[in-house]
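# Structure at a glance
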Amino acid sequence: MRMYSRLFIFVEGSTDREFFEKIVVPMFQERYDYVKVEEWAQERKDKINSYIKTIGSGNRNANYIFVTDMDKPCVSAQKETIKKRYKNVDESKILVVCKEIESWYLALLNDDRCEELGISRLHTTDDVTKERFQELTPKKFGSEVDFMREILRTADIETAKRKNKSFRYFVKEYGL
Amino acid sequence: MAIKRIEAKNFKSFKKLGVNLGDLNILIGANASGKSNFVDIFRFLRDIKSSGLENAISLQGGVEYLRNLNVGSSEELSLEVVFDHVFGINTIRIHETIYKFAIKFEDTGSGFKVVEDRLTQKFSMSGLRKEITGSGEIIFSNVDGKIGVTLGKHSESAIGLDGIISSFFVPENLPHGAFLLLEASFPYILQTPLNNMGNGIPIYDFDSRFAKASFPDILQILQIPLDSMDNGIPIYDFESRIVKNSIPKRVKAELEENGSNLAVVVKNIMESEDGKRKLLNLVTYLLDFVVDLQVEQRMDKSFLLKLRERYSEKYLPVDLISDGTIDMIALTVALYFGKESLAIIEEPDRGVHPHLISRAVHMMEDASSNKQIIVTTHSPEVVKYANLDNLLLISRDKDGFSSITPRPAEKETVKIFLENEIGIEELYADSLLEM
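Residues numbered from 1 in each chain as written. Chains lettered and ligands numbered in written order. Predicted model: local features only at pLDDT ≥ 70, side-chain atom pairs only at ≥ 80, totals over all residues. Heavy atoms only, no water.

Bringing the overall build of chain B into the picture now. Of the regular secondary structure elements, chain B holds 14 helices and 20 strands. Across chain B, every contact between residues at least 6 apart in sequence was considered, and the portion connecting residues at least 24 apart equals 59%. On chain B, roughly 19,500 Å² of surface is accessible, and the fraction owed to carbon and sulfur atoms is 48%. (Helix = DSSP H or I, 4+ residues; strand = E, 2+ residues; numbered from the N terminus. Contact = heavy atoms within 4.5 Å. Areas by Shrake-Rupley, 256 points an atom, 1.4 Å probe, with all protein chains shown as cover.)

Right, dumping it as structure tokens:
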């Protein structure tokens, strides 16, 4: 009999949590009985370290992914920064989003949807930052949350794999 | 932003207050620290505007409770509000408006007299190439019902008062019992700025919210930018039990402060495709178990709010929906769908699971790009997820006077705790932010 399995995904903030809960969690549901997304940026360092230690301490049926934006010039420097702050994090469990989660949101829009929403078609979203995302938000939304939810409502995951390198890497790495 | 600074003297628990406001202001503090008294400043100003001074004082419990109990009648009560709306045209632009109001109390009894009712509008003037050619301030003052207009501090290059505002268009007297706070507009004339600019043809850049131009008469009406007052300042304090028990029929279209007409407001929003999309996107962001909202009109013409959860195909009527869920729907409506430019929301986190708080705070930040928001809270979870720049800590000193500390996380003593990995929410819960 298969044992009950759990996956914990640590993300920076609420916009990351929204993306992972709506897009990524369903992709893992075949593989895990319980998938939980937790925010780490506003939590105390020792609390997150203890969570990770507990999840990783000989519990074969629990796994985790630690997600971070790319604040440093390269992936290895970003991973190093995270490891320095959270000493219990295994480097292989760190996932770096290039550059910020907003780039993954925009990658979910296929050309038809871009046209419908009245935003420019982007060949790649690898360099999209929070600020660029705000610039691209159509005026009729007037709310970033509304726009993000609208993107998630009609998300096209195949397009996202094509438009964003780090999302493509993530999907491939975890065999999703 | 609607209001950028508030000053108060001898008002309720404040002996002297001066605080700058941002787009989102999260007011935190212990019980009886003065959060409600701070909100009462806005309520008092709003009540003066809507019901007159006598009623506004009465609604605060009379002069005895309006002023500070310890200071009493020995000092004047004054309120000063700084609005930062920029409006006007290229040639003359008002960039700040300050309203000051003061009353003096009689030594005994409940008598009082208005000793200051003044509106100051700071302006800058520019030439054809948008270069600043002068600056100054125009002061409107009300002395015993008579309006005086003077030119206050100004640069040498600023034109004279007659070139900016014509006394012909300013009424000499205010209606009995009225204040400058109630005035909607004073007309400014533009002929002198045009003359001053030589032979060039000025390019007008009217701000349609405030200006009405009748070119070529070269006369425009510039409204005092108190639109936050004109649309009222809603002070929301949702009461889910009232929402559950109310049967709204003939009610106003804007959300009531206790949320009692939520069903009707939701119905109105959902009548437009964009409104429906936006409301559902926002509500389902905050409450991820919600799939849809519906408003049903019943036989007696009343409206019933219903909600569908992802666990069932059936809709639940409002009386079966949890209090926290109702409050979150009302919060969404208040944040995004009201017309006012300033909204105050009291303890929006009541009855909400901590896991949802980060989303609620994110929505407040999101909404504050379009509307100034003031929130009061006791919740450490709100403090945890808030941008530290948005926090205002209110506390009482040893004499019992309230004061407000903006950005308490920047205090040196607090910084040391934060550096040692003690969360700001823990310091707040332990009442250590006040040290």
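The discussion continues.
So, on to the overall build of chain A. Each helix and strand counted, chain A has 9 helices and 4 strands in total. In chain A, the succession of α and β elements from N to C terminus is β-α-β-α-β-α-β-α-α-α-α-α-α. Computed over C-alpha atoms, the radius of gyration of chain A comes to 17 Å, within 12% of the 16 Å expected from 2.2 N^0.38 for 176 residues, which places it in the range of a compact globule. Taken along the three principal axes of its C-alpha coordinates, chain A extends 50 × 40 × 25 Å. The 176 residues of chain A split such that 52% are buried. (Rg over C-alpha atoms; globule rule 2.2 N^0.38 Å. Buried < 20%, exposed > 50% of the residue type's maximum accessible area, 1.4 Å probe, protein only.)

To continue, consider the sheet that holds strand β17 (residues 342-346) of chain B. Residues and elements named next belong to chain B. One open sheet holds the 6 strands; their spatial order is β13-β17-β18-β3-β19-β20, and the pairing between them is mixed. In the strand order of this sheet, the two ends are held by β13 (235-236) and β20 (402-406), each with one partner. The sheet contact formed by strand β3 (residues 24-28) and strand β19 (residues 391-396) spans 3 bridges and is parallel. Across the sheet, the residue bridging to Ile28 is Leu393, located in β19. (Pairing = 2+ DSSP bridges.)

All names here are of chain A. Annotation of chain A at the domain level lists domain 1 (6-97) and domain 2 (100-176). Centre-to-centre separation of domain 1 and domain 2, based on C-alpha positions: 21 Å. Across the boundary between the two partners, domain 1 contributes 18 residues, which contact 21 residues of domain 2. Interface area for domain 1 against domain 2, summed over the two sides, is near 1,700 Å², with a carbon-plus-sulfur share of 73%. For the pair domain 1 and domain 2, the number of links is 1 salt bridge. There are 5 residue pairs in polar contact (both at pLDDT 80 or more) connecting domain 1 and domain 2. Of all the elements in the fold, those that place two or more residues in the side of domain 1 that touches domain 2 are α1 (14-28), β3 (62-69) and β4 (94-97). Considering every element that reaches the side of domain 1 that touches domain 2, the biggest residue donor is α1, with 10 residues. Partitioning the side of domain 1 that touches domain 2 into residue classes produces 10 nonpolar, 2 polar and 6 charged. (Domains from an automatic or database assignment. Buried area = accessible area lost by both parts, 1.4 Å probe. Salt bridge = Lys/Arg side-chain N within 4 Å of Asp/Glu carboxyl O. Polar contact = N/O pair within 3.5 Å; in protein donor to acceptor, adjacent residues only side chain to side chain. Nonpolar A, V, L, I, M, F, W, Y, C, P; charged D, E, K, R; others polar.)

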